[in-house]
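Fold and contact review
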Amino acid sequence: MRYLSIPFAVLAAGACLTMSTPAGATSTPVSAPAVVDGYQVVTLPNANVPNFQRRTALCPAGKRVIGGGAEAQGNEAVLVGSFPTPTGNGWIGLGRQPGNATVGISVFAICANA
């Protein structure tokens with residue numbers, strides 16, 4: 001078996017890490033709007049649910065999910081999944097907690113106007 005060795009650096013407090021474009025590659029700056037139209041974070045606060053039960057934070061009508069996340073809470077809790085809904089209108093989170101029938105799950109959907 002072969003292992004890939006990747007060099008790394010340790011930065012002192014306050015140091016700045018800069019990235020450079022490799023030889024032969026090109027880099028094009030991308031400007032983004034300063035504000036996302038209709039930006040809103042929808043939070044589904046922690047609740048204990050059965051292991052592997054999905055919890056879904058939905059965006060309000062007229063908005064689409066542009067990101068999100070989830071958190072599993074409890075002793076030895078494991079976040080099993082964190083992903084957008086198939087329709088793109090929310091975010092799903094699910095987890096498990098070995099040795100327990102339930103797990104605490106919080107879900108966050110980052111929404112914007114469609």
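Residues numbered from 1 in each chain as written. Predicted model: local features only at pLDDT ≥ 70, side-chain atom pairs only at ≥ 80, totals over all residues. Heavy atoms only, no water.

Take the state of the cysteines next. On inspection of all chains with the given rule, the structure shows one disulfide. Paired by a disulfide, cysteine 59 and cysteine 111 hold their sulfur atoms 2.1 Å apart. Judged by the sign of its S-S torsion, about -85 degrees, the cystine formed by cysteine 59 and cysteine 111 is left-handed. With cysteine 59 in the loop between β2 (55-58) and β3 (63-73) and cysteine 111 in strand β6 (residues 102-113), this pair connects stretches of sequence that are 52 residues apart. Per residue, the accessibility class of cysteine 59 equals that of cysteine 111, and both read buried. (Disulfide = S-S within 2.5 Å. Helix = DSSP H or I, 4+ residues; strand = E, 2+ residues; numbered from the N terminus. Buried < 20%, exposed > 50% of the residue type's maximum accessible area, 1.4 Å probe, protein only.)

For the rest of this paragraph, the subject is the nonpolar core. Note that soluble globular proteins tend to have their nonpolar side chains buried in a common cluster. Counting 13 residues, the largest nonpolar core has Ile105, Val107 and Ala109 as the members making the most contacts within it. Those elements giving two or more residues to this core turn out to be β1 (40-50), β3 and β6. With five residues, β6 is the largest single contributor of residues to this core. Apart from residues no more than four positions distant in its own chain, valine 107 is found in contact with Val42, Thr43, Leu44, Arg55, Ala57, Gly69, Ala70, Trp91, Ile92 and Gly93. (Core = buried A, V, L, I, M, F, W, Y, C linked by side-chain atoms within 4.5 Å. Contact = heavy atoms within 4.5 Å.)

Moving on to the sheet that holds β2. Strand order across the open sheet formed by three strands is β2-β5-β4, with antiparallel pairing between neighbours. A single partner strand is all that each edge strand has here, and the edge strands are β2 and β4 (78-84). On average, adjacent strands in this sheet sit at an angle of 15 degrees to one another, irrespective of strand direction. Relative to strand β5 (residues 90-96), β2 runs antiparallel, the two being bridged by four bridges. Across the sheet, the residue bridging to leucine 58 is glycine 90, located in β5. (Pairing = 2+ DSSP bridges. Axes fitted to C-alpha atoms, helices over the stretch in contact; angles between N-to-C directions.)

Our next topic: the sheet that holds β6. The three strands are arranged β1-β6-β3 in an open sheet whose pairing can be described as antiparallel. Both outer strands of the open sheet, β1 and β3, are each paired with one neighbouring strand and no more. Put simply, the sheet's adjacent strands are angled 20 degrees from each other on average, direction ignored. Summarising the sheet, β3 and β6 pair through ten bridges and their orientation is antiparallel. Directly across from arginine 64, in β6, lies its bridge partner alanine 112.

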